[in-house]
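Coordinates in review
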Amino acid sequence: MKAKEQEFLTRIANHKGILFKVSKMYMDNPDDQQDLFQEMVLQLWKAYDSFKGESQFSTWMYRVAINTSIVFLKKEKRKVDKYDLASDNIKEEESDADEQEMKLQHFYKAVQQLDKIDKAIIFYQLEGYSHKEIGSNLGISEGNARVKLNRAKEKLKEIIKKQGYGF
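Predicted model, so just to flag it, every value in this text is computed and none were measured.

Quick word on the side chain of Gln-33
Among the secondary structure elements, Gln-33 is positioned in helix H3 (residues 30-47). Excluding anything up to four places from it in sequence, Gln-33 contacts Ser-23, Lys-24, Met-27 and Asp-28.

Given below as structure tokens:
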């Protein structure tokens, strides 16, 4: 295996959590999440020569992953939705871990209802990015990032309330 390929695979392995999070934010069906994950890896490989090291690999990876997700989502919207969210089976008795997983599922389902920019902003916030970094990554001002983040949080709260599940 070439050194470049090995370096790429090592970097992907070190940061694969990013790809899992992005795929969960943009897709609710596990099969679609896996497809998106694979598509992100493919696009990262295709764009790998463009990574110049001017930013951290993870920052560059976020940008490529989110852009890939947006394009992938547009393609998916053209398909018929085969997955019914109401078909999720939830056990009557749940341990703390199950309760936490259920909260995460509700959260991700709520995030999936946001528009693509709001999803990206929420994702960057969850990853601990500052308003300045969010703005820079999305090509908007720091102030605009702050306003959009607050609006996205409000939308998310409303969606969660409509789902009948409060945090």
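As for the environment of Val-111
Within the secondary structure layout, Val-111 lies in helix H5 (residues 96-112). Exposure remark for Val-111: the relative accessible area of 0% places this residue in the buried category. Not counting residues within four places of it along the chain, the set of residues in contact with Val-111 comprises Met-25, Lys-119, Ile-122 and Leu-156.

What about the packing of helix H2 (residues 16-26) against H3?
Relative orientation of the contacting elements H2 and H3 amounts to 130°, with a least axis distance of 9 Å. In terms of axis orientation, H2 runs oblique to H3. You can see that H2 and H3 cross each other, and the crossing is right-handed. For the pair H2 and H3, the contacting residues are Lys-16, Leu-19, Phe-20, Val-22, Ser-23, Lys-24 and Tyr-26 in the first and Gln-33, Leu-36, Phe-37, Met-40, Val-41 and Leu-44 in the second.

Some words on the side chain of Thr-68
Counting through the fold element by element, Thr-68 comes out in helix H4 (residues 57-77). Since its relative accessible area comes to 9%, Thr-68 is described here as buried. Once residues within four sequence positions are removed from consideration, Thr-68 is found in contact with Leu-36, Glu-39, Met-40 and Gln-43.

Some details on the packing of aromatic side chains
What characterises a pair of aromatic rings is the spacing of the ring centres plus the angle enclosed by the ring planes. With the rule as written, the count across this model stands at 15 aromatic pairs. When the centroid spacing of 4.7 Å and the interplanar angle of 20° are considered together, the rings of Phe-20 and Phe-37 count as stacked. On the criterion of sequence distance, the pair formed by Phe-20 in helix H2 and Phe-37 in helix H3 is long-range, its members being 17 residues apart. Ring centres of Tyr-62 and Tyr-129 lie 5.2 Å apart, and the angle between their planes is 85°; this geometry places the pair in the edge-to-face category. One end of the pair, Tyr-62, is in helix H4; the other, Tyr-129, is in the loop between helix H6 (116-126) and helix H7 (131-138), and 67 residues separate them in sequence. Across the pair, Tyr-129 and Tyr-62 agree in class, each one buried. Grouping aromatic residues by their ring pairs yields a cluster made of Phe-8, Trp-45, Tyr-48, Phe-51, Phe-57 and Trp-60. Looking at Lys-4, its charged tip hangs above the ring of Trp-45, at a distance of 5.2 Å from the centre.

Quick word on the nonpolar core
Counting residues in each nonpolar core, the largest one holds 42 residues, and the members touching the most others are Tyr-26 and Ile-122. For this core, the element with the highest residue contribution is H4, accounting for 10 residues.

Quick look at H2
Turning to H2, its buried residues number three or more, namely Ile-18, Leu-19, Val-22, Ser-23, Met-25 and Tyr-26. Each buried residue of H2 sits inside an arc of 160° when the element is viewed along its axis, so together they form one side.

Description of H7
Looking at H7, one finds that the buried residues are Ile-134, Gly-135 and Asn-137. Buried residues of H7, seen end-on, are gathered within an arc of 165° and therefore sit on one face of the element. Exposed side chains of H7 directed beyond 90 degrees from the buried face belong to Lys-132 and Ser-136. Once H7 finishes, Gly-139 follows within two positions and takes phi at roughly 75°, a positive value.

Cut-offs and rules
- Residues numbered from 1 in each chain as written.
- Predicted model: local features only at pLDDT ≥ 70, side-chain atom pairs only at ≥ 80, totals over all residues.
- Heavy atoms only, no water.
- Helix = DSSP H or I, 4+ residues; strand = E, 2+ residues; numbered from the N terminus.
- Contact = heavy atoms within 4.5 Å.
- Buried < 20%, exposed > 50% of the residue type's maximum accessible area, 1.4 Å probe, protein only.
- Axes fitted to C-alpha atoms, helices over the stretch in contact; angles between N-to-C directions.
- Parallel < 35°, antiparallel > 145°, perpendicular 65-115°, else oblique.
- Left-handed = near helix turned anticlockwise from the far one by under 90°.
- Phe/Tyr/Trp six-rings, centres within 6.5 Å; stacked < 30°, edge-to-face > 60°.
- Lys NZ or Arg CZ within 6 Å of the ring centre and 35° of its normal.
- Core = buried A, V, L, I, M, F, W, Y, C linked by side-chain atoms within 4.5 Å.
- Arc of directions from axis to C-beta.

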